[in-house]
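Here's the letter readout for the chains.
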Amino acid sequence: MRTWICPGSFDPVTSGHLDIIKRAAGMCDKLIVAVGVNYKKKPFFSAEERKSMLEKATEDISNLEIVIFSGLLIDYAREKHAVAIVKGLRAVSDFEYELQMALLNKRLDESIETIFLMTNINYSFLSSRAVRELAANSGSIEGLVPDEVLEDIKRKFGKGGK
Ligand code: PNS
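Everything quoted here is computed from the prediction, not taken from an experiment. (Residues numbered from 1 in each chain as written. Predicted model: local features only at pLDDT ≥ 70, side-chain atom pairs only at ≥ 80, totals over all residues. Heavy atoms only, no water.)

### A word on the side chain of R50
Structurally, R50 can be placed in helix α2 (residues 47-57). It is D11 that comes nearest to the buried, bridge-free R50 among opposite-charge side chains, at 4.4 Å. One polar contact links the side chain of R50 to the main-chain carbonyl oxygen of F45, over a distance of 3.0 Å. Among residues more than four places away in sequence, those in contact with R50 are S9, F10, D11, V35, G36, P43 and F45. (Helix = DSSP H or I, 4+ residues; strand = E, 2+ residues; numbered from the N terminus. Buried < 20%, exposed > 50% of the residue type's maximum accessible area, 1.4 Å probe, protein only. Lys, Arg positive; Asp, Glu negative; His and termini not counted. Salt bridge = Lys/Arg side-chain N within 4 Å of Asp/Glu carboxyl O. Polar contact = N/O pair within 3.5 Å; in protein donor to acceptor, adjacent residues only side chain to side chain. Contact = heavy atoms within 4.5 Å.)

In structure tokens:
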């Protein structure tokens, strides 16, 4: 059983994330989508909300587990017997940070690879931050996030979100 782990903040999940998740799930036996609780970041959506939106958006993918994790990703990956960490790359600007993370994680556990999937060109401009900014200012986010979570996001911002 070849398990991969796809970590992220997913604050909130975007169509770009979903594209990477679908493609990665097609390349391994089991994909664990891991919602990170990062002590350095104050997310807009709670970890439970982020997990719930991911669950709604991925109902049709069978070899998927959505989890919340904290602490070091590599420890969690090891605990789950994952053989690879998979992440999406949009631009050169992502690369520097991701390379640093990949090399650090490799240093911590040489047996776990980091695999990068290039973004679908249609989503190369897209980020959770952009979605939050649009939603906070009543801009359209249709097509930028999975249809299944559109109302959840609008509702959250409608209730005084910024
Ligand atoms: O790209 P993102 O969405 O900001 O990624 C968030 C996440 C959770 C994947 C990242 O912050 C992470 O890996 N956090 C766990 C802490 C860790 O293992 N850091 C790497 C070694 S310093």
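### Some details on the environment of F45
One can find F45 in the loop between β2 (30-37) and α2. Among the residues examined, F45 registers a relative accessible area of 2% and is labelled buried. It is 6.0 Å that separates the C-alpha atoms of F45 and D11, two residues lying 34 residues apart in sequence. With residues up to four places along the chain from it excluded, the contact list for F45 reads D11, P12, R50, M53, I153, K156 and F157.

### Let's talk about the site of the ligand
Lining the immediate surroundings of the ligand are 13 residues, of which S9, N38, K41, L73 and K87 lie closest. At 3.3 Å, a side-chain N or O of N38 approaches an oxygen atom of the ligand. Contact distances for the ligand include 3.4 Å between an oxygen atom and a side-chain N or O atom of K87. Contact with the protein chains removes 75% of the 560 Å² of surface that the ligand exposes when unbound. Those elements that place two or more of their residues in the shell around the ligand are β1 (3-8) and α4 (92-108). The residue makeup of the shell around the ligand, split by class, is six nonpolar, five polar and two charged. (Near = heavy atom within 4 Å. Areas by Shrake-Rupley, 256 points an atom, 1.4 Å probe, with all protein chains shown as cover. Nonpolar A, V, L, I, M, F, W, Y, C, P; charged D, E, K, R; others polar.)

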